Amino acid sequence: QQQVKQSPQSLIVQKGGISIINCAYENTAFDYFPWYQQFPGKGPALLIAIRPDVSEKKEGRFTISFNKSAKQFSLHIMDSQPGDSATYFCAASIYSSGQLTFGSGTQLTVLP
Amino acid sequence: NAGVTQTPKFQVLKTGQSMTLQCAQDMNHNSMYWYRQDPGMGLRLIYYSASEGTTDKGEVPNGYNVSRLNKREFSLRLESAAPSQTSVYFCASSEVRGNTEAFFGQGTRLTVV
């Protein structure tokens, strides 16, 4: 069963636009929600992460919005650039288990 | 600064052959992980090692074995490869289980024919 559901599977955005990727989780014990960015031929790399005690975290053009009651969180990329074209994965973990559960990924293409 | 190093980068196996994927990290991390990445399924945890001397099964452990050789090295072994094990395999490490950044290697693309 997939404990973290991610949508959309692919996303095409014009340069300067806003990219939005959504994730929903089922396990209420999850207490850490990172987003990873992966370029072709490379391993995933941490982009930004949030804990459930805050509803929003912003780092530069990247923002995570977190809705604990709805068990949903999303990544917003403002002023999207062609260099942001990559695959994005949301993930969730329970601290005591040490395991990251990943969403299925979103392939983002930013057109110049 | 190497980070997490995986070898080999590419491998083709015949069904029934065995092989070991090697992983080493130079960040003095306690925890290490093996994931497989398949199209449309994200990354799924195969095995992890919370600390030197311990290993635990993840979501998809069947057909695999692991060895935490020392704090730096964590290997993944396929005893009898099957076409269903065709995938990209990633090793990762982190300082503390779960809530800190996991650093990933560049992956091993394995094809089983």
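The structure reproduced in this document is the subject of the present report. (Residues numbered from 1 in each chain as written. Chains lettered and ligands numbered in written order. Predicted model: local features only at pLDDT ≥ 70, side-chain atom pairs only at ≥ 80, totals over all residues. Heavy atoms only, no water.)

## Concerning the overall build of chain B
Of the regular secondary structure elements, chain B holds zero helices and 11 strands. Counting from the amino terminus, chain B carries its helices and strands in the arrangement β-β-β-β-β-β-β-β-β-β-β. Its C-alpha atoms give chain B a radius of gyration of 13 Å, within 12% of the compact-globule value 13 Å for 113 residues. Considered along the principal axes of its C-alpha atoms, chain B spans approximately 35 × 30 × 25 Å. Sequence separation of at least 24 residues holds for 55% of the intrachain contacts in chain B that already meet a minimum separation of 6. On chain B, roughly 5,200 Å² of surface is accessible, and the fraction owed to carbon and sulfur atoms is 47%. With 11 positive and 9 negative side-chain charges, chain B shows a spacing of 7 Å between the two charge centroids. (Helix = DSSP H or I, 4+ residues; strand = E, 2+ residues; numbered from the N terminus. Rg over C-alpha atoms; globule rule 2.2 N^0.38 Å. Contact = heavy atoms within 4.5 Å. Areas by Shrake-Rupley, 256 points an atom, 1.4 Å probe, with all protein chains shown as cover. Lys, Arg positive; Asp, Glu negative; His and termini not counted. Charge placed at Lys NZ, Arg CZ, Asp CG, Glu CD.)

## Focus on the packing of aromatic side chains
A complete count under the given rule lists 18 aromatic pairs over all chains for this structure. Taking 6.4 Å as the distance between ring centres and 80° as the angle between the ring planes, the aromatic pair formed by Phe 90 of chain B and Phe 104 of chain B counts as edge-to-face. Residue Phe 90 of chain B is located in strand β9 (residues 87–94), and its partner Phe 104 of chain B is located in strand β10 (residues 103–104); the two are separated by 14 residues in the primary sequence. Grouping residues by exposure puts Phe 90 of chain B and Phe 104 of chain B together as buried. Taken together, the aromatic side chains of Tyr 36, Phe 89 and Phe 102 of chain A together with Tyr 33, Tyr 35, Tyr 48, Phe 90 and Phe 104 of chain B make up a single cluster linked through ring pairs. (Phe/Tyr/Trp six-rings, centres within 6.5 Å; stacked < 30°, edge-to-face > 60°. Buried < 20%, exposed > 50% of the residue type's maximum accessible area, 1.4 Å probe, protein only.)

## What about the nonpolar core?
Ranked by internal contacts, the top residues of the largest apolar core, which has 24 residues, are Phe 33, Trp 35, Phe 73, Leu 75 and Tyr 88 of chain A. Of all elements in the fold, only β2 (10–14), β3 (19–25), β4 (33–38), β5 (45–50), β7 (62–67), β8 (72–77), β9 (86–94) and β11 (106–111) of chain A reach the threshold of two or more residues within this core. If one sorts the elements of this core by residue count, β9 of chain A sits on top with four residues. Contact partners of Phe 73 of chain A, with chain neighbours within four places excluded, come to Ile 21, Asn 22, Cys 23, Tyr 25, Phe 33, Trp 35, Ser 65, Phe 66, Cys 90 and Ala 91 of chain A. Listed in part, the 20 residues of the second largest apolar core include Cys 23, Tyr 89, Cys 91 and Val 112 of chain B. (Core = buried A, V, L, I, M, F, W, Y, C linked by side-chain atoms within 4.5 Å.)

## Considering the layout of surface pockets
Approximately 720 Å³ is the volume found for the largest pocket. Around the largest pocket sit 30 residues that line it, and Gln 38 and Gly 41 of chain A together with Gln 37, Val 88 and Arg 109 of chain B are the ones nearest its centre. The set of elements that each furnish at least two residues to the lining of the largest pocket consists of β9 and β11 of chain A together with β9 and β11 (108–112) of chain B. It is β11 of chain B that contributes the most residues to the lining of the largest pocket, four residues altogether. Considering only residue class, the lining of the largest pocket consists of nine nonpolar, 17 polar and four charged. (1 Å grid on protein atoms, 1.4 Å probe; cavity = no way out; pocket = protein on both sides within 12 Å on 5 of 7 lines; lining within 4 Å. Points joined across faces, edges and corners; volume = space filled by probe spheres on them. Nonpolar A, V, L, I, M, F, W, Y, C, P; charged D, E, K, R; others polar.)

## Considering the interface of chain A and chain B
It is common to give the size of an interface as the accessible area lost on bringing the parts into contact. Listed per partner, the contact involves 22 residues of chain A and 23 residues of chain B. Between chain A and chain B lies a buried interface of about 1,800 Å² when both sides are counted; carbon and sulfur atoms form 51% of it. The tally of links between chain A and chain B comes to zero salt bridges. Where chain A meets chain B, there are four residue pairs in polar contact (both at pLDDT 80 or more). No other element matches strand β10 (residues 99–102) of chain A, which puts three residues into the side of chain A that touches chain B. Across the side of chain A that touches chain B, the residue classes break down as eight nonpolar, 11 polar and three charged. (Buried area = accessible area lost by both parts, 1.4 Å probe. Salt bridge = Lys/Arg side-chain N within 4 Å of Asp/Glu carboxyl O. Polar contact = N/O pair within 3.5 Å; in protein donor to acceptor, adjacent residues only side chain to side chain.)

## Topic: the sheet that holds strand β1 (residues 4–7) of chain A
Residue and element names in this part refer to chain A. Spatial ordering of the open sheet is given by β1-β3-β8-β7-β6, a layout of five strands whose pairing is antiparallel. With one partner strand each, in any of the chains shown, β1 and β6 (56–59) form the two edges of the open sheet. The mean inter-strand angle of the sheet, taken between neighbouring strand axes irrespective of direction, is 15°. (Pairing = 2+ DSSP bridges. Axes fitted to C-alpha atoms, helices over the stretch in contact; angles between N-to-C directions.)

## Structural notes on the pattern of salt bridges
Residue and element names in this part refer to chain B. A full pass over the atoms with the stated rule returns five salt bridges over all chains. Here Arg 44 ties to Asp 38 by a salt bridge, and the two come within 2.9 Å at their closest N and O atoms. With a relative accessible area of 16%, Arg 44 lands in the buried category. For Asp 38, a relative accessible area of 11% gives the class buried. Via salt bridges that share partners, Arg 36, Asp 38 and Arg 44 belong to a single interconnected network.

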